[in-house]
Amino acid sequence: MTARVYTIASGKGGTGKTTATLNLGTALAQLGKKTLILDADIGMANLGLLLGLEKCKITLHEVLSGSAKINEAIYDGPAGLKVVPSGLSLKGFQNANPEKLREVMSSLIEGMDFVLIDAPAGISKDGVIPLAVADKVILVVNPELASMADALKTKALTEMLGRSVEGVILNRAELEKTEISRNKVSELLGSKVLEMIPEDANVRRSAAFKVPIVIRAPKSPAAIAYFRLAALIAGEKFQDNGLKEDREGFVDRLARSLFGGK
Ligand SMILES: Nc1ncnc2c1ncn2[C@@H]1O[C@H](COP(=O)(O)OP(=O)(O)OP(=O)(O)O)[C@@H](O)[C@H]1O
Ligand SMILES: [Mg+2]
């Protein structure tokens, strides 16, 4: 079986693509899926930073400039996740030829169940190629007009390239307005909302610790949303075990304090 390749894109910058790539990728790996994430944001590489891989000498930059093989740029991440970071230097970016990503895709997908590509913002050449090499594109949007407008443009570009959008991750959503914004977003973008990720301070905290939120704070609202998304993408039933344990724990504690017992 060959991997399913998803490119995580948005159009607008800062919507949460890198966070989504990292946490969806890690959650898929935790489900036992062979998963690789790749930082195609070769100008403003962030994915490696979120995992403490910034000191790696060989990155996608070296692969795209022809000075290294793709296998040399694959690193181990958490839960068996494989990671291809991009480099931080401007020179490395200048030497990299984004077109070369097409050539390395066949080696990347070998033996994998899922490959997630973190796309850059915008529609320049280094942004177009990640859309073109995907089986499906996932759009990360925030519930605001500029983000929707840019996502719509990215969707149109994806379709011009002969690819299609799988759906939308509505990030930093206000959960109390859940259904209204969910329906509005899917209507505006003509794509289904795969998952809503709430605004969650744990996202920034986890980033500071260089550990994905699905590992560092697995019971936080954003992590639970990522687990649900991973189950959907993997075609598996979402297991709500952790949450249940918490609730049962509370009920047990209450019963004990009221009625005594162990
Ligand atoms: N659900 C969330 N709750 C709170 N903060 C979030 C959430 N998702 C992302 N963030 C924060 O938003 C900022 C931007 O996220 P991220 O880097 O993932 O976006 P991006 O789309 O990859 O940006 P760029 O276009 O610059 O590559 C980060 O500081 C991140 O910690
Ligand atoms: Mg990013």
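Basis of the calculations
- Residues numbered from 1 in each chain as written.
- Chains lettered and ligands numbered in written order.
- Predicted model: local features only at pLDDT ≥ 70, side-chain atom pairs only at ≥ 80, totals over all residues.
- pLDDT = per-residue confidence, 0-100.
- Contact = placed C-beta atoms within 7 Å.
- Near = placed C-beta within 6 Å.
- Helix = DSSP H or I, 4+ residues; strand = E, 2+ residues; numbered from the N terminus.
- Nonpolar A, V, L, I, M, F, W, Y, C, P; charged D, E, K, R; others polar.
- Buried ≥ 20, exposed ≤ 12 C-beta atoms within 10 Å, placed from the backbone.
- Pairing = 2+ DSSP bridges.
- Axes fitted to C-alpha atoms, helices over the stretch in contact; angles between N-to-C directions.
- Core = buried A, V, L, I, M, F, W, Y, C linked by C-beta atoms within 7 Å.
- Left-handed = near helix turned anticlockwise from the far one by under 90°.
- Right-handed = clockwise from strand over helix to strand, strands pointing away.

Chemist: Explain the confidence of the model for the protein chain to me, and be specific about the residues and the numbers.
Modeler: Low pLDDT means the predicted coordinates in that region are not meant to be read closely. Residue-level pLDDT values for the protein chain average 91, and 89% of them are 70 or greater. Low confidence marks residues 244–248, where pLDDT is under 50. Its contacts with residues over four positions away, or in another chain, come to 1 contact.

Chemist: I'd like a description of the site of ligand 1, backed by residues and values.
Modeler: In the region of ligand 1, 21 residues are neighbours, and Gly-13, Gly-16, Lys-17, Thr-18 and Thr-19 sit closest. For the shell around ligand 1, the secondary-structure elements that each account for two or more residues are α1 (17–30), β7 (164–173) and α8 (201–209). Residues of the shell around ligand 1, tallied by class, amount to 6 nonpolar, 9 polar and 6 charged.

Chemist: Could you give me a rundown of helix α5 (residues 125–132), with the residues and numbers involved?
Modeler: For α5, the full list of buried residues reads Asp-126, Gly-127, Ile-129, Pro-130 and Leu-131. Against β1 (4–9), α4 (100–109), β5 (114–118), β6 (136–141) and α6 (145–160) lie the buried residues of α5.

Chemist: I'd love a proper account of the sheet that holds strand β4 (residues 82–84), names of residues and values included.
Modeler: Hydrogen bonds between backbone groups are what pair the strands of a sheet, and the pairing can be parallel or antiparallel. Judged by pairing direction, the sheet is mixed, and its 8 strands sit side by side in the order β3-β4-β2-β5-β1-β6-β7-β8 without closing on themselves. With partners counted over all chains shown, the strands left at the sheet margins are β3 (75–76) and β8 (193–198), one partner each. Bridging between strand β2 (residues 35–39) and β5 involves 5 bridges; their strand directions are parallel. Opposite Asp-39, over in β5, you have Asp-118 as the bridge partner. Relative to the sheet, α1 contacts β1, β2, β5, β6 and β7, its axis offset from that of β5 by approximately 165 degrees. Contacts from α6 reach β1, β6 and β7 within the one sheet, and its direction differs from that of β6 by about 170 degrees.

Chemist: Explain unusual backbone geometry residue by residue, including any values.
Modeler: Phi angles above zero are rare outside glycine, and Ala-79 is one such case at about 60 degrees. The topology assignment puts Ala-79 in the loop between β3 and β4. Even without a glycine there, the phi angle at Lys-210 is positive, about 60 degrees. Secondary-structure assignment places Lys-210 in the loop between α8 and α9 (213–216).

Chemist: For the environment of Arg-172, give the residues involved together with the corresponding values.
Modeler: On the secondary structure map, Arg-172 appears in strand β7. When the C-alpha atoms of Arg-172 and Met-196 are compared, they prove to be 7.7 Å apart, with 24 residues separating the residues in sequence. Excluding residues within four positions of it along the chain, Arg-172 makes contact with Gly-16, Asn-142 and Glu-199.

Chemist: Before we move on, could you go through the nonpolar core and cite the residues and values that matter?
Modeler: In terms of nonpolar packing, the biggest core is built from 72 residues, with Ile-8, Leu-24, Leu-38, Val-115, Ile-117, Leu-139 and Tyr-226 touching the most fellow members. Here this core takes 9 residues from helix α10 (residues 221–234), the largest share from any one element. For Leu-24, the contacting residues outside a window of four places in its chain are Leu-116, Tyr-226, Leu-229, Ala-230 and Ile-233.

Chemist: Outline the packing of α1 against α10, supporting the account with residue identities and numerical values.
Modeler: Two elements in contact, α1 and α10, have axes separated by 9 Å at closest approach and are oriented at 65 degrees. Relative to α10, α1 is oriented so that their crossing is right-handed. Contact residues: Asn-23, Leu-24, Ala-27 and Leu-28 in α1; Tyr-226, Phe-227, Leu-229, Ala-230, Ile-233 and Ala-234 in α10. Its residues assigned to classes, the contact of α1 with α10 shows 9 nonpolar, 1 polar and no charged.

Chemist: Break down the pairing of β2 for me, citing the residues and quoting the values.
Modeler: With respect to burial, β2 is a largely interior element, 5 of its 5 residues being buried. Relative to β4, β2 runs parallel, the two sharing 3 bridges. Bridging across to β4, Leu-36 finds its partner in Lys-82.

Chemist: Describe the environment of Lys-34, naming the residues involved and giving the relevant values.
Modeler: Its location among the elements puts Lys-34 in the loop between α1 and β2. With 80 residues separating them along the chain, Lys-34 and Phe-114 place their C-alpha atoms 6.4 Å apart. Once residues lying within four places of it in the same chain are set aside, the contact partners of Lys-34 are Gly-111, Met-112 and Asp-113.

Chemist: Hey, could you go over the pairing of β7 for me, with residue numbers and the actual values?
Modeler: Of all the 10 residues making up β7, 7 are buried; the element is thus mostly covered by neighbouring parts of the structure. Pairing geometry for β6 and β7, over 6 bridges, is parallel. Residue pairing across strands places Leu-139 opposite Val-168, the latter belonging to β7. For the segment spanning β6, α6 and β7, crossover handedness is right-handed.

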